[in-house]
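Geometric and topological summary
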Amino acid sequence: MIYMGNVSKIYETGAVALSNISVEIKSGEFVFVVGPSGAGKSTFIKLITREELPTNGQIAIGGHNLLSLNPAQVPYYRRQLGIVFQDYRLLPNKTVFENVAFAMEVIEATRSEIMHRVIHVVDLVGLRQKMNRYPQELSGGEQQRVAIARAIVNDPVVLVADEPTGNLDPDTSWEIARILEDINRSGTTIIMASHDKSVVDKLRRRVLAFEKGRLVRDQVRGVYGYEN
Ligand SMILES: Nc1ncnc2c1ncn2[C@@H]1O[C@H](COP(=O)(O)OP(=O)(O)OP(=O)(O)O)[C@@H](O)[C@H]1O
């Protein structure tokens, strides 16, 4: 599903963000990406979302060779992904329903498909009662649930999350982790960069640990392994 072979990323400033990474992630896996600040976690995520290109190496995801996609193909490639950020990135002047529906309008789904599917995913993240609220009327955890609903509404093959619990308290982080676990159980591959030791240690999923751009640990049923 996701293959990286001898991938390095050196930014224009000369910063070596990733060095010689080779990794394979199978369909349906739940993978945590951990490591100290500056280790290369976000860069790893950005290579998957094709926000960045590697300096060297090969990346193939869901049958696409990311190095040979032309700019016009990138939006179509991204439609296979669900992307969740630390800061939610909801549209402030749209309701919960409209934020999630917007992701389906972009791919020109019909009104009845949108009604049906949006209600389903909003339900899945536990926000049925708050469908008509605006983002600023919601807590951080609720906003992140909306962002997750939006990310999964088009049934992505991979859900990529960069520090999705970074702004949340421990209980709320755990609720978000449980929702991601449910989504993974339904077959979606999840790749999540995290500084959240308690979430990583409780879920015991595969852990890719980075340090100074190197992949230093690839562990099945792994642990966080650092002091924050
Ligand atoms: N756009 C950029 N231009 C130049 N250097 C960058 C850029 N993005 C990241 N870097 C550098 O690449 C290295 C890896 O950064 P990255 O953001 O991938 O780490 P990270 O593990 O996600 O860190 P954090 O946990 O602090 O978010 C760091 O040295 C960083 O300064």
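As shown above, the structure is provided for reference.
Here is a short report on the structure shown in this document. (Residues numbered from 1 in each chain as written. Predicted model: local features only at pLDDT ≥ 70, side-chain atom pairs only at ≥ 80, totals over all residues.)

This next bit is on the site of the ligand. As a matter of local geometry, the ligand sits amid Tyr11, Thr13, Ala15, Ala17, Gly35, Ser37, Gly38, Ala39, Gly40, Lys41, Ser42 and Thr43. Looking at the shell around the ligand element by element, the count peaks at three residues for helix H1 (residues 41-48). Residues that form the shell around the ligand fall into these classes: four nonpolar, seven polar and one charged. (Near = placed C-beta within 6 Å. Helix = DSSP H or I, 4+ residues; strand = E, 2+ residues; numbered from the N terminus. Nonpolar A, V, L, I, M, F, W, Y, C, P; charged D, E, K, R; others polar.)

The next thing to look at is the pairing of strand E4 (residues 56-61). As a general feature of sheets, a regular strand has side chains that alternate between the two faces. Pairing geometry for strand E1 (residues 2-10) and E4, over five bridges, is antiparallel. By the bridge assignment, Ser8 is partnered in E4 with Asn56. Where E4 and strand E5 (residues 64-65) come together, two bridges link them in antiparallel fashion. By the bridge assignment, Ala60 is partnered in E5 with Asn65. Between E4 and E5, which pair antiparallel in sequence order, lie two residues; one of them, Gly62, sits at a positive phi of approximately 50°. (Pairing = 2+ DSSP bridges.)

This part covers the nonpolar core. Membership of the largest hydrophobic core comes to 64 residues, with the highest contact counts inside it found for Val33, Val100, Val122, Ala149, Leu159 and Ile191. Setting aside anything within four residues of it in sequence, one finds Val100 in contact with Val118, Val121, Val122, Val146, Ala149, Arg150 and Val153. (Core = buried A, V, L, I, M, F, W, Y, C linked by C-beta atoms within 7 Å. Buried ≥ 20, exposed ≤ 12 C-beta atoms within 10 Å, placed from the backbone. Contact = placed C-beta atoms within 7 Å.)

Function cannot be inferred from these measures alone, as they are strictly geometric.
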